[in-house]
Amino acid sequence: MERSGWKAFLYLIPALLFLGAFMIYPLFDVFIYSFEEGYNSASQTYFGTGFYNYSYVLHDPYFMQALKNTFILVIITVPVSTGISLLIALGLSSIPKLKELYQTVFFLPYVTNTLAVGLVFMILFKKTAYSEGLINLLINLFGGRSVDFIDCPYWAKMFVLCFYTVWIVMPFKILILTSALASVDPVYYRAARVDGTSKTRIFTKITVPLISPMIFYLVITGFIGAFKAYSDAVALFGVNLNAAGMNTIVGYVYDMLYGDSGGYPSYASAAAILLFIIVLTITCINLLVSRKHVHYS
Amino acid sequence: MKIVLKNLTKRFPNRNKKGGADVIAVNDFDFEIPDGMLVGLLGPSGCGKSTTLNLISGLEKPSEGRIFFGEDDVTDLPPENRGVGLVFQSYALYPHLNVFRNIRFPLENFRGKDRLTKEEMEKRVVEAAKLVQIDHLMERKPSELSGGQQQRVAIARALVKMPRVLLLDEPLSNLDARLRLQTREEIRRIQQETKITTVFVTHDQEEAMSISDLIVVMKDGVVHQIGKPQDVYDDPIDQFVAQFLGTPPINMFDGEVRNGQLYIGEDKVLDVPGVRDGAVAAGIRPEGFILDYEGPLVCELTRLEVMGRDVSIIFKDEAMKGEAVRAIIDAKSRVDTGSGKVSFFLKPDKVHLFEPETGERLRFGKAE
C-alpha cells in the first residue's frame, strides 16, 4: 500500500507543480500585495501594510462605476441568456429536420473571435460619418430617432454590452441544454401524456427538474463568467473603458496594473480580492438555493 | 368496461428508404375483452403486443379499425380523454418526486369540474397507496425503492385517477424470479379488488397462464387464439400456439397417418380416426406419455431427471424434431434403465396433429 501511494503521488507531481506555481502561489501573492501599501514591482518595495488599498479602491468612483456595470451585466445577461438558450434548445429538440444545421448555426458565435464579433457589432450599432449603423436604420424605418449606441447615452451602451454578452454566451448554453434535453428518457413524456398533463406542466414539472443539474451548472458558470467580463467591453468600446464609463471589475484591475506607465499593483490586487469575495459569495448563495431546486438522480 | 377492437390494423412506414412494404405490427385485430377481466396479450417479441397496448392507450393511432370502450368509440380520443391507466415496463416514475407526489401527479392534471381539492387528492393518493400496500413509503424517492416497490408505485399512479381500463406493459420483466411470483399474485389481487378491466402484455407464457382470465396468443401481428388459459393449452388451434404454451414445451415428431392410425417412425402409436392419410406433424405434451413396457412407442433412453414430485424421462427417437424428447411421469413409476429402451402408451387428448406445411390443426375423433 505504502509504495503504491508514493507512486500515485509521483504521477500527480507535474500537475501539482503547475497548479502551485501558476494558481496557488499567485493567489496568495495577490492576497499579500493587497495589504501592502504602495508596492512597486520594479523595486520590490512598499511603504507599509494595512487596509488602505481597499479603502482607496472602494472610494474610487471608477471602481464603483465598474462594480455597477458588472452587476448590471451579471443580473441581466445570466437569466436572459439561460432562458433564451433553454427556449432555443427546446425548439431544436422538437424539430426533427435540419436539426444539425441549426445546431451548427447556433454554435458559430462560440468559435468566432471576440474582436471580430465586436467589429460586427460596431457596424450594427455605431454611428459614423458615413452611416447611421444598421440598427439605427431599422429604428428610423419604424419612425424612431437615431440613438448613438457606442458613444452615449449610458443605457444604450449598456444595452449593446448586454446584447453582445448574451449573444456570445448562448451557443455553449444551447449546446449543453440540447444534450441535456436529449438525455431525458422519453418514457416520462409518454407517462405524462397518458395522464393528460398539459405542455406547460410537462415542461415545468418534468423537463426542468430533470435537467436542473445542467441548468444550475450553466447559471453558476454564467455568473462567474459574467463577473469576469472584460474583453467584450474592450471589443465594443475600445481600451479606454473608464472614459466610456463602461469599465468592468476585471477591466479596472487591468487598468490599475498597466495603466499610467507603471501601474498600481496594490490597488489592482485589492480590487481582484474584492472580485474574488463577490464571486465566492454569489456562488455560495447559488449552492444554497440549488439544494432545494436541483435534482440529481 | 369492455374493450372492443374492430378490424384494428397498425402499419409503420418502412424505414428502409429504397421502398419496400410497410411493416404491419398489428394485422386486422377483431376481438372483445369482456368487462372486469384480466387479459394477457402473449406472444414472442416483435409480435405486436406492445403496439396493441399502445393503440388501446391512445399513444399510437391505428391505421385502420376502431376501438370501443363499452359503447364509446375512443379511436380518435387522445390518451388523456380515454380514461386509461398505463404502467410502463420501466415504470417511468418521476425521479425527482417522492412516492406521494408521483401518485398525486395525474390528479393534479384534472381541470374544470373534475378539479380536486388538496384534501380529496390526498385521500385518493392514500387509498391507492393502501391498495398496493406502499402507504408506509410515501416520503421515499423512486431511487430509494426496490424494483417491486417501484412497480407498486407505478400501479398506484395508474389507478389513482380511477381509469376505465388498466394497461400493463411487461409488468414483471424487470423483477427477479421470486419477486415475479409474488408480484403476479399481487396484480391478480389488485385487479380483483378494483374490478377494472386489465390488459397486460408479456412474452412469458407461464406469467400469462397463471393469472389471466383470458389469454390472447399473437404472432407477427396476427391473433392466433383467444381463450381461457386451460382451454388454449388443452386445445391449441395450431402448431404455433401448441409450441408456444407449456413448460416444458410440447414434443414435436414427424408422423404419418395411415388408415386412421398414427405412425411415429415405424411404431403404430395411436388411433386417430378422421384424419386424412399422409405426413403430419405430431405434438405430444410431456405429460401425455404413459410408461409401459408393452407400449407401442419405443425409444432410446438418454437419462432421467428426478424432481421429487415427478420424474422427467429424456429420450431420443429418430422421428423427433429438436434435440431430445421429454416425458414427465409420476415419481412412483419405476423406470427400468437397464435395457436402454423405454416404451410408452400415449394419452389421446395430449396428442395434437398438425399440417406439416401450414401448422394447421388436424382434429381427430375418439377411438372406439
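Residues numbered from 1 in each chain as written. Chains lettered and ligands numbered in written order. Predicted model: local features only at pLDDT ≥ 70, side-chain atom pairs only at ≥ 80, totals over all residues.

## Structural notes on the overall build of chain B
Each helix and strand counted, chain B has eight helices and 21 strands in total. If you line up chain B on its principal axes, its C-alpha atoms span 75 × 50 × 45 Å. Going through the 368 residues of chain B one by one, you find that 39% of them count as buried. Across chain B, every contact between residues at least 6 apart in sequence was considered, and the portion connecting residues at least 24 apart equals 66%. (Helix = DSSP H or I, 4+ residues; strand = E, 2+ residues; numbered from the N terminus. Buried ≥ 20, exposed ≤ 12 C-beta atoms within 10 Å, placed from the backbone. Contact = placed C-beta atoms within 7 Å.)

## Comments concerning the overall build of chain A
Along the backbone of chain A there are 13 helices and two strands. With the C-alpha coordinates aligned to their principal axes, the bounding extent of chain A is approximately 75 × 75 × 30 Å. Looking at chain A as a whole, 31% of its 297 residues qualify as buried. Across chain A, contacts joining residues at least 24 apart in sequence account for 66% of those joining residues at least 6 apart.

## Notes on helix 1 (residues 49–57) of chain B
The buried fraction of helix 1 of chain B amounts to eight of the nine residues, a majority that puts the element mostly inside the structure. What helix 1 of chain B keeps buried is the set Lys49(B), Thr51(B), Thr52(B), Leu53(B), Asn54(B), Leu55(B), Ile56(B) and Ser57(B).

## Some remarks on the packing of helix 4 (residues 147–159) of chain B against helix 5 (residues 177–194) of chain B
Packed helices, taken two at a time, are described by the angle their axes make and the gap between the axes. All names here are of chain B. Between helix 4 and helix 5, the least distance of the axes is 11 Å, while the angle of their chain directions is 20 degrees. Compared by their axis directions, helix 4 and helix 5 come out roughly parallel. Every pair of crossing elements has a handedness; the one defined by helix 4 and helix 5 is right-handed. Where helix 4 approaches helix 5, its residues Gly-147, Gly-148, Gln-151, Ile-155 and Leu-159 are matched on the opposing element by Leu-179, Thr-183, Ile-190 and Thr-194. (Axes fitted to C-alpha atoms, helices over the stretch in contact; angles between N-to-C directions. Parallel < 35°, antiparallel > 145°, perpendicular 65-115°, else oblique. Left-handed = near helix turned anticlockwise from the far one by under 90°.)

## Quick look at helix 8 (residues 186–194) of chain A
Given 3.6 residues per turn, any residue in an α-helix points the same way as the ones three and four places further on. Within helix 8 of chain A, burial applies to Tyr188(A), Ala191(A), Ala192(A) and Val194(A). Buried residues in helix 8 of chain A, looked at end-on, bunch into an arc of 160 degrees, giving them a common side. The inward-facing, buried residues of helix 8 of chain A contact helix 9 (199–227) of chain A together with helix 1 and strand 6 (84–87) of chain B. One or two positions beyond helix 8 of chain A, positive phi appears at Gly196(A), with a value near 70 degrees. (Arc of directions from axis to C-beta.)

## Points about the environment of Phe125(A)
Residue and element names in this part refer to chain A. Counting through the fold element by element, Phe-125 comes out in helix 5 (residues 114–125). Accessibility expressed as a C-beta count within 10 Å gives 23 for Phe-125, which makes it buried. Expressed as a C-alpha distance, the spacing of Phe-125 and Glu-36, which sit 89 residues apart in the sequence, is 43 Å.

## Some remarks on the domain arrangement of chain B
Residue and element names in this part refer to chain B. One can read the domain layout of chain B as domain 1 (3–244) and domain 2 (251–362). Each partner contributes residues to the interface: domain 1 has six residues there, and domain 2 has seven residues. The residue makeup of the side of domain 1 that touches domain 2, split by class, is four nonpolar, one polar and one charged. (Domains from an automatic or database assignment. Nonpolar A, V, L, I, M, F, W, Y, C, P; charged D, E, K, R; others polar.)

## With respect to the sheet that holds strand 16 (residues 297–306) of chain B
Hydrogen bonds between backbone atoms are what pair the strands of a sheet, whose relative direction is either parallel or antiparallel. All names here are of chain B. Ordered by their spatial adjacency, five strands build an open sheet running 15-19-16-17-18, and the pairing between neighbours is antiparallel. Whereas interior strands pair on both sides, the edge strands pair on one side only; in this sheet they are strand 15 (289–291) and strand 18 (325–330). With direction set aside, neighbouring strand axes in the sheet form an average angle of 50 degrees. Where strand 17 (residues 310–316) and strand 18 come together, six bridges link them in antiparallel fashion. The residue bridging Asp-310 from the neighbouring strand is Asp-330, located in strand 18. (Pairing = 2+ DSSP bridges.)

## Overview of the interface of chain A and chain B
Quite often, the size of an interface is put as the accessible area lost when its parts meet. Facing 15 residues of chain A, the contacting portion of chain B comprises 16 residues. For the side of chain A that touches chain B, the elements supplying multiple residues, two or more each, are helix 8 and helix 9 of chain A. Of the residues in the side of chain A that touches chain B, the class split is seven nonpolar, four polar and four charged.

## Quick notes on the confidence of the model for chain B
With 98% of its residues at a pLDDT of 70 or more, chain B shows a mean pLDDT of 88. For this predicted complex, the interface score ipTM comes out at 0.81, alongside a pTM of 0.79. (pLDDT = per-residue confidence, 0-100.)

## Section: the sheet that holds strand 5 (residues 72–73) of chain B
Residues and elements named next belong to chain B. With antiparallel pairing, four strands are arranged side by side in an open sheet as 2-1-4-5. Looking at the sheet topology across the chains shown, the edges are occupied by strand 2 (23–33) and strand 5. Each of strand 1 (3–12), strand 2 and strand 4 (64–69) touches helix 1; the most contacted strand, strand 2, lies at about 60 degrees to it.

## Some words on unusual backbone geometry
What is expected of a backbone is that most residues other than glycine have negative phi and most peptide bonds are trans. Residues and elements named next belong to chain B. A cis amide bond, omega -10 degrees, links Thr-247 with the succeeding residue Pro-248. Here Pro-248 lies in the loop between helix 8 (239–244) and strand 11 (251–258). With a phi angle near 60 degrees, Gln-133 is a residue other than glycine that sits in the positive phi range. Summarising the element assignment, Gln-133 is placed in the loop between helix 3 (118–131) and helix 4. In the Ramachandran plot, Asp-220 falls in the positive-phi region, its phi being about 50 degrees despite a non-glycine side chain. For Asp-220, the position within the fold is in the loop between strand 9 (214–219) and strand 10 (222–227).

## Looking at the nonpolar core
Among the nonpolar cores identified, the biggest contains 150 residues, and Ala271(A) and Ala156(B) are the most heavily contacted of them. Ranked by residues supplied to this core, first place goes to helix 7 (residues 154–182) of chain A with ten residues. Both domain 1 (3–244) and domain 2 (251–362) of chain B contribute no fewer than three residues apiece to this core. Leave out the neighbours within four places in its chain, and Ala271(A) touches Val57(A), Phe63(A), Ile249(A), Tyr252(A), Val253(A) and Met256(A). (Core = buried A, V, L, I, M, F, W, Y, C linked by C-beta atoms within 7 Å.)

## Considerations on the environment of Phe68(B)
Residues and elements named next belong to chain B. Residue position: Phe-68 is located in strand 4. For Phe-68, a count of 16 C-beta atoms within 10 Å translates into the label partly exposed. Separated by 65 residues in sequence, Phe-68 and Ile-3 place their C-alpha atoms 5.7 Å apart. Once residues within four sequence positions are removed from consideration, Phe-68 is found in contact with Val-4, Asp-73 and Val-74.

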